[in-house]
Amino acid sequence: MPDMSASASLAMTHLVTFAKEVDEDKVTPGVLGFIVFAAMALAVWALMKSMSKHMNKVDFKESPDETSGKDTAESPSGKASPAKG
């Protein structure tokens, strides 16, 4: 195996000293953590936008049901029960 050149040896020396300067007890999420977090944030934003669009389509005004009086009978407690037939 060939020996490292002087410039490669010098570069490795600088990288090793830089690696020793980094605190070994400090853990960071790095680029991958940022990408995952950003993707999740975009997914939540898209879901909220879709939900808002679907909720705007909902009509909250209740229309009277034509069969409500025919299919149910009032029980003595005042609650509607299914018609017996």
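These numbers come from a predicted model, not from an experiment.

Focus on the overall build of the protein
- Scanning the protein from terminus to terminus reveals three helices and two strands.
- Ordered by position from the N terminus, the helices and strands of the protein form the series α-α-α-β-β.
- Within the span of the protein, comprising 85 residues, buried residues form 0% of the whole.
- Carbon and sulfur atoms make up 65% of the accessible area of the protein, which totals about 8600 Å².

Here's the deal with a nonpolar patch on the surface
- On the surface, a nonpolar cluster with roughly 620 Å² of combined accessible area is contributed by Val44, Met48, Met51, Met55, Val58 and Phe60.
- Looking at the element boundaries, Val58 is found in the loop between helix 2 (30-57) and helix 3 (68-71).
- Among the residues examined, Val58 registers a relative accessible area of 40% and is labelled partly exposed.

Topic: the confidence of the model for the protein
- Across the protein, the average pLDDT comes to 75, with 52% of residues at 70 or higher.
- No element of the protein has a lower mean pLDDT than strand 1 (residues 72-74), which averages 53, and none a higher one than helix 2, which averages 96.

Rules of the game
- Residues numbered from 1 in each chain as written.
- Predicted model: local features only at pLDDT ≥ 70, side-chain atom pairs only at ≥ 80, totals over all residues.
- Heavy atoms only, no water.
- Helix = DSSP H or I, 4+ residues; strand = E, 2+ residues; numbered from the N terminus.
- Buried < 20%, exposed > 50% of the residue type's maximum accessible area, 1.4 Å probe, protein only.
- Areas by Shrake-Rupley, 256 points an atom, 1.4 Å probe, with all protein chains shown as cover.
- Patch = residues over 30% accessible without salt bridge, like charges linked within 9 Å, V, L, I, M, F, W, Y side chains within 5 Å.
- Salt bridge = Lys/Arg side-chain N within 4 Å of Asp/Glu carboxyl O.
- pLDDT = per-residue confidence, 0-100.

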